[in-house]
Amino acid sequence: MVDFNLLAVKGVQGLQPYQPGKPIDELERELGVTNTLKLASNENPLGPSERVKEALQNVSSQLGLYPDGGGFALKKKLANLLTSDSVTITTEQVTLGNGSNDILDMIARAFLCEGREAIYSEYAFAVYPISVQAVGATAKVSQALAVNHNTNPYGHDLSAMRNCITDKTSVIFIANPNNPTGTWLDADALNVFLKNIPTDIIVVVDEAYFEYVTEDDYPDTVQWLDQFPNLIVTRTFSKIYALAGLRVGYAVCSKEIADLLNRVRQPFNVNTPALLAATVALDDKKHLEKCVEINQQGLVFWQQACQQRGWDYIPSVGNFITIDFAQDAMPIYNALLHEAVIVRPIANYGLPNHLRITISTQTENQICLDAFDKVLEK
Ligand SMILES: *Cc1c(COP(=O)(O)O)cnc(C)c1O
C-alpha cells in the first residue's frame, strides 16, 4: 500500500487542516437541537447592508460569464476610499483575494519557499502557519507578551519578533488586532517596529478587524505605504461587512509587490456576486457605524459579565472576546453545544482553557451568557 502522505511535498506532510467553527447545520444534525446561536467565527450578527442584499437579487443573470478578473470597479472604489491627504492609492496597489486568506497564501507563494523563514507571534492567526508550511518555509514563532502583562497580555511582542530575524527571514506576519486574542498594537509601537525592519523583508499587517477598532492610537497602516515600500496591508469583507460567505478580501501595497502577488493569483479568484456585493457594501457607511456601535456595546456587556463572575478575559478591540475559564474549556464548549450555542475552542492555539466568543447583539449576547451560567453551575 502506498503511503500517500510521503508523496506529498514535505511542508504538506506535517500540516493540520484549519479547524473552522462548527457549522450550525452540523450541530443540529448531530444533536437534534434547533435555533442554534453560532458565535464561533466572528461573523457579523447584523448581516450585510440592505443595499447589498438588493444588489445581489439581480446577479443571477450574470452567472454564466466569468467574473471581471481585474476586479476593476471594486479596486477603483477601494483606491478612492483609501486615498487621503497623506497617501495616494492607485488601483495597481490593490490586490483582490478570495477572502484575505487567499491573499495570505499568495504572499507565501510569492515570497516563501524551502530555506526561507517567516516570523509570526505565538497565538497569532492560524492561517499563517498553514500558508508558511505549505510552501516548505520555516516558521519562527516569537513568544507573546506575558499573560499578566499590564496593557497587552498575550499580545505580539514586537522586540521578540525582531529578535527572530535572521538572514533567511523573508516575511513577517502581524495581525492587528490579532485573532484569537483581540490584542492590538498602537501607531507608535508599530511605526517604530517598521522603521527598524530591513526593507528586504516583507511585513504583512493583517487588519481583518480594522473597521471595528475605535481606539484613538490604533494605526491606519495604509497611510504609511509611501513610508514603507515593504509593507502589505490586508483587509477583508468577511468581518464587519458581513460577506464571509462570498469570500472577498484585499491587499494594499506598493505596485511592485502587487504585481508579484498578481502573478500567483488565480485568474478569476473573486466571483461576480462577491465583487458586486463588496463594491456596494462600501457605500453604506450608516450600516458600518451601526455595526461598530453594537459591537462596542457588546464588548462592554461581556467585559462586565466577566468581571462580575471573576472570569479572566483578554482585553479585545475586535468583534470577539477570549475568556480564560481556568480549567479545560472543552467540557464547557461541549455542554454549550447541548444548549444550542456554538463558541470557539482555541486549544489549537495553545490556549486550552480559553474560549473565544463572537460579540453579537444584546439579545444574543444574553442568550450566550445565560447558557454559560447554566452549564457552569452544573
Ligand atoms: C477572519 C480573519 C481573516 C479573514 O479571513 P477571510 O479569508 O478574509 O474571510 C484574516 N485574518 C484574521 C486575523 C482573521 O481573524
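Note that the structure is predicted; figures quoted are calculated from it, not measured. (Residues numbered from 1 in each chain as written. Predicted model: local features only at pLDDT ≥ 70, side-chain atom pairs only at ≥ 80, totals over all residues. Heavy atoms only, no water.)

## Focus: the nonpolar core
- Residues Leu74, Leu78, Ile89, Ile174, Phe193 and Phe237 are the most contacted members of the largest nonpolar core, which totals 52 residues.
- At 6 residues, helix H11 (residues 272-281) tops the list of elements feeding residues into this core.
- Domain assignment of the residues forming this core places at least three in each of domain 1 (19-48 + 286-377) and domain 2 (50-281).
- Listed in part, the 34 residues of the second largest apolar core include Tyr120, Cys253, Ile314 and Tyr349. (Core = buried A, V, L, I, M, F, W, Y, C linked by side-chain atoms within 4.5 Å. Buried < 20%, exposed > 50% of the residue type's maximum accessible area, 1.4 Å probe, protein only. Helix = DSSP H or I, 4+ residues; strand = E, 2+ residues; numbered from the N terminus. Domains from an automatic or database assignment.)

## Points about a nonpolar patch on the surface
- A cluster of nonpolar side chains, namely Met1, Val2, Phe4 and Leu7, defines an oily patch on the protein surface of about 540 Å² accessible area.
- Taking relative accessible area as the criterion, Phe4 reaches 53% and is therefore assigned exposed. (Patch = residues over 30% accessible without salt bridge, like charges linked within 9 Å, V, L, I, M, F, W, Y side chains within 5 Å. Areas by Shrake-Rupley, 256 points an atom, 1.4 Å probe, with all protein chains shown as cover. Salt bridge = Lys/Arg side-chain N within 4 Å of Asp/Glu carboxyl O.)

## Remarks on the domain arrangement of the protein
- Along its sequence, the protein is organised into domain 1 (19-48 + 286-377) and domain 2 (50-281).
- Computed over C-alpha atoms, the centres of domain 1 and domain 2 are 25 Å apart.
- Facing the 24 residues of domain 1 at the interface are 28 residues of domain 2.
- For the domain 1 and domain 2 pair, buried surface summed over both sides reaches about 2300 Å², with 66% attributable to carbon and sulfur atoms.
- Inspection of the domain 1/domain 2 interface yields 0 salt bridges.
- Remark: the boundary between domain 1 and domain 2 carries 8 residue pairs in polar contact (both at pLDDT 80 or more).
- If you tally residues by element for the side of domain 1 that touches domain 2, the top one is helix H12 (residues 285-309), at 5 residues.
- In terms of residue class, the side of domain 1 that touches domain 2 is made up of 11 nonpolar, 11 polar and 2 charged. (Contact = heavy atoms within 4.5 Å. Buried area = accessible area lost by both parts, 1.4 Å probe. Polar contact = N/O pair within 3.5 Å; in protein donor to acceptor, adjacent residues only side chain to side chain. Nonpolar A, V, L, I, M, F, W, Y, C, P; charged D, E, K, R; others polar.)

## Brief notes about the packing of aromatic side chains
- Following the criterion strictly, the structure yields 16 aromatic pairs and no others.
- With 4.8 Å between their ring centres and 10° between their planes, Tyr128 and Phe173 make a pair best called stacked. You can see Tyr128 sitting in helix H7 (residues 127-134) and its partner Phe173 sitting in strand S5 (residues 169-175), a full 45 residues away along the chain. Taken as a pair, Tyr128 and Phe173 share a single burial class, namely buried.
- Plain terms: the ring middles of Phe237 and Tyr241 are 4.9 Å apart, the flat faces sit at 45° to each other, and that makes the pair tilted. Like Tyr241, Phe237 is buried.
- In this structure an aromatic cluster arises from ring pairing among Phe301, Trp302, Trp311, Phe325 and Phe372.
- The lysine or arginine in question, Arg235, covers the ring of Phe210, its NZ or CZ lying 3.6 Å from the ring centre.
- Sitting over the ring of Phe320, Arg356 keeps its end group 5.8 Å from the ring centre. (Phe/Tyr/Trp six-rings, centres within 6.5 Å; stacked < 30°, edge-to-face > 60°. Lys NZ or Arg CZ within 6 Å of the ring centre and 35° of its normal.)

## A word on the site of the ligand
- In the vicinity of the ligand, the residues found are Gly99, Ser100, Asn101, Phe125, Asn179, Asp206, Ala208, Tyr209, Thr236, Ser238, Lys239 and Arg247.
- Residue Ser100 places a main-chain N or O atom 2.7 Å away from an oxygen atom belonging to the ligand.
- Within the complex, 94% of the 390 Å² of free accessible area of the ligand lies under protein.
- For the shell around the ligand, the per-class residue count stands at 3 nonpolar, 6 polar and 3 charged. (Near = heavy atom within 4 Å.)

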